[in-house]
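Residue strings, one per chain:
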Amino acid sequence: REYAKETKRWIILMLHSTLPTEEQDKVFDLPPEGVRKCVLSTNIAETSVTIDGIRFVADSGKVKEMGFETDSGVHSLQEYWISKASA
């Protein structure tokens, strides 16, 4: 973080399904020389695309999956910890 604050050499981008297409497409642009690109994405986006130039992936260990609420009878995205086998 200190490096990013002092040198302004980072581009932070998000990638998830509710972003407009033009915002999603920015993750595929090459950063200027000497600038690092950091993409924060959902697990679905992470496994659905390949982004050139990505050297490291840090996984939060959480995933959102469709689940069923038995009390209300409603399907919704629910957050779960991933298994060790999926890590």
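Here the structure is a predicted model, which means the values were calculated and not measured.

A.B. asks: Is there a simple way to explain the overall build of the protein chain in this structure?
C.D. replies: When you go through the protein chain residue by residue, the secondary structure sums to three helices and four strands. For the protein chain, the sequential pattern of α-helices and β-strands runs α-β-α-β-α-β-β. A separation of at least 24 residues holds for 30% of the contacts in the protein chain among residues at least 6 apart in sequence.

A.B. asks: Any chance you could explain the pattern of salt bridges here in plain terms?
C.D. replies: Pairing between side chains becomes possible if they bear opposite charge and their charged atoms approach one another. Scanning all chains against the criterion turns up two salt bridges. With a shortest N-O distance of 3.0 Å, Glu-23 and Lys-26 are connected by a salt bridge. Linking Lys-62 and Glu-79 is a salt bridge whose minimum nitrogen-to-oxygen distance equals 3.0 Å. Highlighted residues: Lys-62 in strand E3 (residues 62-69) and Glu-79 in strand E4 (residues 74-81), separated in sequence by 17 residues. Look at Lys-62 and you get partly exposed, because its relative accessible area is 30%.

Parameters and conventions
Residues numbered from 1 in each chain as written. Predicted model: local features only at pLDDT ≥ 70, side-chain atom pairs only at ≥ 80, totals over all residues. Heavy atoms only, no water. Helix = DSSP H or I, 4+ residues; strand = E, 2+ residues; numbered from the N terminus. Contact = heavy atoms within 4.5 Å. Salt bridge = Lys/Arg side-chain N within 4 Å of Asp/Glu carboxyl O. Buried < 20%, exposed > 50% of the residue type's maximum accessible area, 1.4 Å probe, protein only.

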